[in-house]
Amino acid sequence: MSNAMLKRRGLAVFSGAAAIVFACAAQADSMADMTSYLQQNMPKVSPDLLKAACDEGKLDILYTNVSNLSKYVDEFEKYFPCLQVSAVANGDDDNLARFFAGEKQGSPPDILQLGSQITLVQQVAKKGMLLQYTPTEADKFQSLDPGYVISTDHQAQGILYNTDSIKDSDLSAIKTWKDATHLLDPQFKGKRLGVVDPHGAGGGSYVVAYVLYKEIGSDNVKKLLDYLQVTVYPGSGPAVNALASGELDLVIGNEFNAFAANEKGAPVQVWYPEPRSASYTGIGIAAKAKHPNAAKLWIEYETSLHGNEQVSKYFSMAPGRPDSKDVRPSTSASWYKPPEALYKFDIDDMIKSYEDVVAPYPSK
């Protein structure tokens with residue numbers, strides 16, 4: 001072998017070794033950055049969990065139908081670049097079908113989030129399909145099944161109204177949910193109400209239907225629906241679209257789509273009877289998760305102060321932590337009122353009362 005060839009081969013070996021050294025150095029720098037972020041923003045989380053998550057390298061997430069999930073994932077990966085996250089947002093029925101199919105095959109998504117914490121507890125957690133794990137900041141969040149399910153965000157319900165046909169003074173007497181019978185007052189004669197079909201128990205439409213049932217009774221609910229010529233919708237989006245267009249005057253339901261409509265300039269605002277009715281999402285880790293440590297790190301991030309504040313920024317949901325800033329634009333509007341208190345639900349009673357709650361509502 002010529003001297004020239006030996007020199008070239010030596011250079012190649014040196015170059016390969018140098019590349020390995022540089023790669024190892026970059027990896028070490030990345031781990032140092034991730035550890036630093038962990039210490040500053042998630043100080044209760046063990047560095048061992050970070051290492052175990054990075055060793056797994058991947059994370060498969062199935063989320064409720066939130067907006068901007070990819071941006072939230074990008075934010076997470078910015079701080080934890082060792083993980084490759086695959087995340088999909090669907091409706092609860094689609095999520096459950098996909099999760100059950102994966103669970104049956106032994107490879108469900110690592111994380112499942114549903115729009116209803118009740119549904120996640122009843123249909124998944126109580127059937128032994130979730131991993132027992134308590135996040136380090138769990139005491140700051142609402143949970144119907146501690147150790148398995150936690151709610152990292154929520155949305156409130158209220159009386160959504162079209163400001164072209166309904167004035168604040170029309171609603172001023174409705175200070176609590178017990179006052180909802182004022183919707184039978186003369187100023188509402190001829191007005192049109194929309195509701196989302198509450199027959200899918202557990203979501204926001206059922207939650208607010210339950211609150212009305214408990215506070216004013218089935219007979220008054222029936223009178224109210226008849227007096228306001230109720231139209232039942234399959235989802236909040238179509239109901240709020242009808243409200244924004246003037247087809248409806250009132251909608252009793254979730255604030256989420258009302259916020260979106262208002263921020264686009266539609267004449268839609270929300271009147272909030274107290275205590276504030278709210279529906280809670282639920283999130284948990286699959287018992288058969290392929291990447292359980294990565295899933296735990298995700299849950300720790302979303303329940304951290306910084307991670308939970310990003311929930312309202314990207315998902316347009318109220319953050320679950322009481323110390324998190326709610327940065328949704330509509331919460332800065334002059335008409336928005338922060339909750340005085342949250343309605344206290346008896347989950348067993350909500351489930352037991354289902355037939356009575358939905359009885360006054362025509363099914364969509």
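For clarity, every value in this text was computed on a predicted model and none was experimentally measured.

Undergrad: How should I be thinking about the packing of helix 2 (residues 47-56) against helix 10 (residues 292-303) in this particular structure?
TA: Two measures define how a pair of helices packs: the angle their axes make with one another and the distance between the axes. It is the contact of helix 2 with helix 10, at a shortest axis distance of 7 Å, that shows an interaxial angle of 125°. Classified by the angle between their axes, helix 2 and helix 10 sit oblique to one another. Note that helix 2 runs across helix 10; the crossing there is left-handed. Of helix 10, the residues touching helix 2 (which contributes Leu 49, Leu 50, Ala 52, Ala 53 and Glu 56) are Pro 292, Asn 293, Ala 294, Lys 296, Leu 297 and Glu 300.

Undergrad: Looking at this model, I keep getting lost on empty space enclosed by the protein. Mind explaining?
TA: Picture a little ball the size of a water molecule; that probe, rolled over the atoms, points out where space is still empty. Following the criterion strictly, the structure yields one cavity of 30 Å³ or more and no others. Of the volumes computed, that of the largest cavity is approximately 50 Å³. Looking at the lining of the largest cavity residue by residue, the classes come out as eight nonpolar, one polar and no charged.

Undergrad: What should I look at first to understand the pairing of strand 4 (residues 142-145) in this one?
TA: Every regular strand shows the same layout, with side chains that alternate between the two sheet faces. Relative to strand 5 (residues 149-151), strand 4 runs antiparallel, the two being bridged by two bridges. The residue bridging Asp 145 from the neighbouring strand is Val 149, located in strand 5. Linkage of strand 4 to strand 5, two consecutive antiparallel strands, is achieved through a turn of three residues, within which Gly 147 is found at a positive phi near 95°.

Undergrad: Even after reading the chapter, I still don't get the environment of Asp 93, so can you show me in this structure?
TA: Counting through the fold element by element, Asp 93 comes out in helix 4 (residues 92-104). As for Asp 93 and Leu 114, which are separated by 21 residues in sequence, their C-alpha atoms are 9.0 Å apart.

Undergrad: Even after reading the chapter, I still don't get the pattern of salt bridges, so can you show me in this structure?
TA: Any two side chains of opposite charge can pair, so long as their charged atoms come close to each other. Per the stated rule, a full pass over the model turns up 16 salt bridges. Close ionic contact of Arg 192 with Asp 249 constitutes a salt bridge, the shortest N to O distance being 3.0 Å. With Arg 192 in the loop between helix 6 (168-171) and strand 7 (193-196) and Asp 249 in the loop between helix 8 (236-245) and strand 9 (250-254), this residue pair connects regions lying 57 residues apart in the sequence. A relative accessible area of 31% places Arg 192 in the partly exposed class. Between Lys 352 and Asp 349 there is a salt bridge, with its nearest N and O atoms 3.9 Å apart. Placement of the pair is Lys 352 and Asp 349 together in helix 12 (residues 347-352), with a separation of three residues, close to one helical turn. Under the relative-accessibility criterion, Lys 352 is labelled exposed at 68%.

Undergrad: Would you mind showing me how to read the nonpolar core here?
TA: As a rule of thumb, nonpolar side chains are buried together in soluble globular proteins. Counting 52 residues, the largest nonpolar core has Tyr 63, Phe 80, Ile 111, Leu 297, Trp 298 and Phe 315 as its most contacted members. Examining the composition of this core, we find that six residues originate from one element, helix 10, more than from any other. When near neighbours in sequence (up to four residues on either side) are disregarded, Trp 298 contacts Leu 59, Ile 61, Tyr 63, Tyr 72, Val 73, Phe 76, Val 85, Ile 111 and Ile 283. Judged by nonpolar contacts, the second largest core, of 35 residues, contains Ile 159, Val 221, Leu 250 and Val 357.

Cut-offs and rules
- Residues numbered from 1 in each chain as written.
- Predicted model: local features only at pLDDT ≥ 70, side-chain atom pairs only at ≥ 80, totals over all residues.
- Heavy atoms only, no water.
- Axes fitted to C-alpha atoms, helices over the stretch in contact; angles between N-to-C directions.
- Helix = DSSP H or I, 4+ residues; strand = E, 2+ residues; numbered from the N terminus.
- Parallel < 35°, antiparallel > 145°, perpendicular 65-115°, else oblique.
- Left-handed = near helix turned anticlockwise from the far one by under 90°.
- Contact = heavy atoms within 4.5 Å.
- 1 Å grid on protein atoms, 1.4 Å probe; cavity = no way out; pocket = protein on both sides within 12 Å on 5 of 7 lines; lining within 4 Å.
- Points joined across faces, edges and corners; volume = space filled by probe spheres on them.
- Nonpolar A, V, L, I, M, F, W, Y, C, P; charged D, E, K, R; others polar.
- Pairing = 2+ DSSP bridges.
- Salt bridge = Lys/Arg side-chain N within 4 Å of Asp/Glu carboxyl O.
- Buried < 20%, exposed > 50% of the residue type's maximum accessible area, 1.4 Å probe, protein only.
- Core = buried A, V, L, I, M, F, W, Y, C linked by side-chain atoms within 4.5 Å.

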